Amino acid sequence: MKEDTKHTELIDLTIKKMANEASQADLDRLAVLLADDPANQSIYDEQVRTWELTAKAKGISNQEIEEEWNRLDQAIDELPLKKSSFSLMKIAAAITVILVSSFLAFQLLFNTGDVEIIADQLIETQLEDGSQITLDMNTQLSYSKNFNKEKREVILSGEAFFEIARDTEKPFIIHVHNTDIQVLGTSFNVKAEKKSAVTEVVVVTGKVQVSHLSNRVTLLPGEKAVVNKKTGKLFKIQNDDPNFQSWKTKNFIFSDLPLSEVVTLLNDVYGESIYLKTNRASNCPVTVSFEGQSLDSIVKVLANTLDLTVEKSSKGFIIDGDGCE
């Protein structure tokens, strides 16, 4: 098959997928095209990003569309399509369809009266169906004003813990990037941060279905689904991270974990800055547990345990010393 024909097919299938109109055969073919050529994955990623930008824009301005066009043109110009006679205008035409159709789909879904929650700190909220959601800071949740009337769907960006009220007639669906998470009634954690290369779903109770392109896994308690945003691969593993809910509970279990990794986790959870002044103590193993303690208290315990010094400044905590060396 000629390269331009393949790319045209890729765009058509991507549009169908984003519009939820793709059959299983379409999804299977899309997966084959993405695996066939890295350039196909790059084109697909650009289309998905444009779709997501529009879906979140809620009244996107002409200036924003123009800025996205300029960014998209530059990105596609850099793609390795040396053997292809594929025209940028074909991509542009397809992206125009995506921009229009995704905006219309967004308007139909959220019906000009959507609810948007932007958390600048940890907050808890309850939806009309009784579902409880805890949002981490820098997390955004959107859903229709008609939520729970005919369907239960939300869009998430960031990290959140869901405790879903059971309703066998209306599955609860969470859209994160180009991954869908569907449940009837269960509790689970979703980590879908923009800066992260992966999306993660960890189940605490019940059963959760995670779908990405033509791939689908079902999770039971203690299992984790991981979606690689770059490669599009989806796989299921046992969750071996005891701290996956630490952002919510402020409880930590460290078992021979290097101090550098402990510091990274604490900075993520508390949104504050802990600095290791030198690398001498970075690999010192930490074995200790904390339950709901303040960051000040935790840092002092770490310093005392590893024979380090700690200084608090306007920039955060500065840890120094040889530690275990």
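This text goes with the structure placed above it.
Along each chain, the written sequence defines residue order, and numbers are assigned to residues from 1. Reporting in this predicted model follows two pLDDT cut-offs: at least 70 for local features of residues, and 80 or more for side-chain atom pairs to be given and counted; totals over whole chains, interfaces and linings ignore these cut-offs and use all residues. Note: side-chain values were computed over all heavy atoms of the structure, leaving out hydrogens and water.

1. Structural notes on the environment of Asp136
Here Asp136 lies in the loop between β3 (132-135) and β4 (139-143). Burial classes follow relative accessibility: with a 1.4 Å probe on protein chains only, a residue under 20% of its type's maximum area counts as buried, one over 50% as exposed, and anything between as partly exposed. For Asp136, a relative accessible area of 7% gives the class buried. Taking the C-alpha atoms as reference points, Asp136 and Lys191, separated by 55 residues in sequence, lie 9.6 Å from one another. Leaving out residues up to four positions away in the same chain, Asp136 has contacts with Ala119, Gln121, Glu159 and Trp247. Labels follow the DSSP assignment, with helices taken as runs of H or I lasting at least four residues and strands as runs of E lasting at least two, numbered in each case from the N terminus. Note on contacts: a residue pair qualifies if any of its non-hydrogen atoms lie within 4.5 Å across the two residues.

2. As for helix α7 (residues 259-270)
Every α-helix carries 3.6 residues per turn, so stepping three or four residues along brings you back to the same face. Over its 12 residues, α7 runs 16 Å from end to end, which matches the ideal 16 Å to within 8%, given 1.5 Å per residue. If you check which residues of α7 are buried, you get Leu259, Val262, Val263, Leu266, Asn267, Val269 and Tyr270. Summarising the axial view, the buried residues of α7 lie within an arc of 165°, below the 170-degree limit, and thus occupy one face. For α7, the secondary structure elements touched by its buried residues are α6 (246-249), β14 (251-258), β15 (274-276), β16 (285-291) and α8 (295-305). Here the expected length of a helix is defined as 1.5 Å per residue gap, with one fewer gap than residues. To be clear, the arc concerns the directions from the helix axis to the C-beta atoms.

3. Focus: the environment of Val288
Take Val288: it is sitting in strand β16. When the C-alpha atoms of Val288 and Ile298 are compared, they prove to be 10.0 Å apart, with 10 residues separating the residues in sequence. Those residues in contact with Val288 that lie beyond four places of it in its chain are Phe252, Ile253, Phe254 and Leu302.

4. Here's the deal with the nonpolar core
We call a set of buried residues a nonpolar core when its members are Ala, Val, Leu, Ile, Met, Phe, Trp, Tyr or Cys and they connect through side-chain atoms within 4.5 Å of each other. Core analysis: the largest hydrophobic core is formed by 30 residues, its most contacted members being Phe162 and Phe188. If we ignore the near neighbours within four places in the chain, the residues touching Phe162 are Gln132, Ile133, Leu156, Phe172, Ile174, Thr186, Ser187, Phe188 and Val190. Counting residues in each nonpolar core, the second largest holds 24 residues, with Leu266, Val269, Cys284 and Ile319 among its members.

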